[in-house]
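Residues per chain are reported as follows:
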Amino acid sequence: MKKFLIIFLSLFIFAGSCLAETVVFNVKTLKYHKPSCQHAAKCTKNCIKIEKNEAKARGGVPCKTCGG
Ligand SMILES: [Zn+2]
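Remember, it's a predicted structure, so these values are computed and weren't measured experimentally. (Residues numbered from 1 in each chain as written. Predicted model: local features only at pLDDT ≥ 70, side-chain atom pairs only at ≥ 80, totals over all residues. Heavy atoms only, no water.)

### Some words on the sheet that holds strand E3 (residues 47-51)
Note: strands within a sheet are paired through backbone hydrogen bonds, in either parallel or antiparallel orientation. Taken in spatial order, the four strands make up an open sheet running E3-E1-E2-E4, and their pairing is mixed. Looking along the sheet, the strands with just one partner apiece sit at the ends: E3 and strand E4 (61-62). Relative to E4, strand E2 (residues 31-33) runs parallel, the two being bridged by two bridges. Opposite Tyr32, over in E4, you have Pro62 as the bridge partner. (Pairing = 2+ DSSP bridges. Helix = DSSP H or I, 4+ residues; strand = E, 2+ residues; numbered from the N terminus.)

### Side note on the coordination of the zinc ion
Coordination of the zinc ion by the protein comes from His33 (ND1), Cys37 (SG), Cys63 (SG) and Cys66 (SG), over a distance range of 2.1 to 2.4 Å. For the zinc ion, the four donor atoms in the first shell make angles of 91 to 131° at the metal, so the coordination geometry reads as tetrahedral. Each donor residue of the zinc ion lies on the same chain, and together they follow the pattern H-x3-C-x25-C-x2-C. In this pair, His33 is assigned in strand E2 and Cys63 in the segment after E4, connecting sequence segments 30 residues apart. (Donors = N, O, S within 2.8 Å, 3.2 Å for Na, K, Ca; no water. Tetrahedral: all angles 85-135°; square planar, octahedral: opposite > 155°, others 65-115°.)

### Looking at the state of the cysteines
Taken as a whole and assessed by the stated rule, the structure comprises one disulfide. Disulfide pairing is shown between Cys43 and Cys47; the S-S distance is 1.7 Å. Sign of the S-S torsion, about 95° for the bond between Cys43 and Cys47, identifies this disulfide as right-handed. Neither Cys43 nor Cys47 differs from the other in exposure class; each is buried. (Disulfide = S-S within 2.5 Å. Buried < 20%, exposed > 50% of the residue type's maximum accessible area, 1.4 Å probe, protein only.)

### Description of the pairing of strand E1 (residues 22-26)
When you tally the buried positions in E1, you get four out of five residues, the bulk of the element. Judged from the two bridges that link them, E1 and E2 form a sheet pairing that is antiparallel. Among the inter-strand pairings, Phe25 is bridged to a residue of E2, identified as Tyr32. Where E1 folds back on E2, the antiparallel hairpin that results is connected by four residues, among which Leu30 adopts a positive phi of roughly 65°.

What follows is the structure in structure tokens.
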């Protein structure tokens with residue numbers, strides 16, 4: 001029974017990490033990009049990788065090119 005619980009929990013954590021979308025967030029312009037976006041690649045100074053929800057919570061605006 002304990003083993004089942006561990007498997008269930010690890011599956012749940014795995015699914016959660018898949019659903020959480022990571023974006024490249026510019027802390028200066030407050031724009032967030034998909035990691036594949038050309039602007040994300042150029043942004044090295046003020047950009048951090050965080051979850052999309054976190055970027056939105058910080059007042060982030062989706063990039064017009066990639067849509068965030
Ligand atoms: Zn972008």
